[in-house]
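# Breakdown of the fold
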Amino acid sequence: MNKEETVKLISAEGFEFVIDKKAAMVSQTIRNMLTSPGSFSETQHGVVRFPEISTTILEKICQYFYWSLQFTSGKETEFHIEPELTLELMMAANYLHT
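First, a word on scope: everything that follows refers to the structure included in this document.

Definitions and limits used
- Residues numbered from 1 in each chain as written.
- Predicted model: local features only at pLDDT ≥ 70, side-chain atom pairs only at ≥ 80, totals over all residues.
- Heavy atoms only, no water.
- Helix = DSSP H or I, 4+ residues; strand = E, 2+ residues; numbered from the N terminus.
- Contact = heavy atoms within 4.5 Å.
- Buried < 20%, exposed > 50% of the residue type's maximum accessible area, 1.4 Å probe, protein only.
- Arc of directions from axis to C-beta.
- Polar contact = N/O pair within 3.5 Å; in protein donor to acceptor, adjacent residues only side chain to side chain.
- Salt bridge = Lys/Arg side-chain N within 4 Å of Asp/Glu carboxyl O.
- Pairing = 2+ DSSP bridges.
- Axes fitted to C-alpha atoms, helices over the stretch in contact; angles between N-to-C directions.

Attention now goes to the environment of Phe50. Looking at the secondary structure, you find Phe50 in the loop between strand 3 (47-49) and helix 4 (55-72). Separated by 38 residues in sequence, Phe50 and Ala12 place their C-alpha atoms 5.8 Å apart. Setting aside residues up to four positions removed in sequence, Phe50 forms contacts with Leu9, Ile10, Ser11, Ala12, Ile30, Leu58, Tyr95 and Leu96.

Encoded structure:
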């Protein structure tokens, strides 16, 4: 997989998640960051920093992106969310428009 096909998402703690660009595009916010006209850093480098989203939450979001792609292609499986992550995950999902 080449660099143009991936996106690097960086959590508040600095942990980096390299995921397929197609998966990241599940988020309307990330899609806008990566496809906006102009010379934005995210568009040029394919790196998006989330200083307010913890590593645990960003990891779950990345899992959701892949689950969402599978779900829309017809593979219906359950997506488990730990109860202790629910509130923080909902706030991040609202920001990311997922």
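That was the structure; now back to the text.
The subject of this paragraph is helix 2 (residues 28-35). Of all the positions in helix 2, only Thr29, Ile30, Met33 and Leu34 are classed as buried. Down the axis of helix 2, the buried set is contained in an arc of 125°. They therefore lie on one face. Taken together, the buried residues of helix 2 touch strand 1 (6-10), helix 1 (21-24), helix 3 (41-45), strand 3, helix 4 and helix 5 (86-96). You can read the cap of helix 2 off the contacts: a side-chain oxygen lies 3.3 Å from the backbone nitrogen of Thr29, and it is on Ser27.

Let us now look at the pattern of salt bridges. Counted under the stated rule, the structure contains two salt bridges. Residues Glu16 and Lys8 are paired through a salt bridge, measuring 3.4 Å at the closest nitrogen-oxygen approach. Taking relative accessible area as the criterion, Lys8 reaches 26% and is therefore assigned partly exposed. Lys60 is the partner of Glu82 in a salt bridge, and the nearest nitrogen-oxygen pair spans 3.5 Å.

Moving on, we get to the sheet that holds strand 3. Ordered by their spatial adjacency, three strands build an open sheet running 2-1-3, and the pairing between neighbours is mixed. Bordering the open sheet on either side are strand 2 (16-20) and strand 3, each of which pairs with just one other strand. On average, each strand axis in the sheet is tilted by 25° relative to the strand beside it, whichever way the strands run. The pairing of strand 1 with strand 2 spans five bridges and is classified as antiparallel. For Lys8, the partnering residue across the bridge sits in strand 2 and is Val18. In the packing of helix 4 onto the sheet, contacts are made with strand 1 and strand 2, and the angle to strand 2 comes to roughly 5°.

What follows is about the pairing of strand 1. Taken across its five residues, strand 1 has four buried, putting it largely inside the fold. Where strand 1 lies against strand 3, three bridges are found, and the strand directions are parallel. From the neighbouring strand, Ile10 faces strand 3, where its bridge partner is Arg49.

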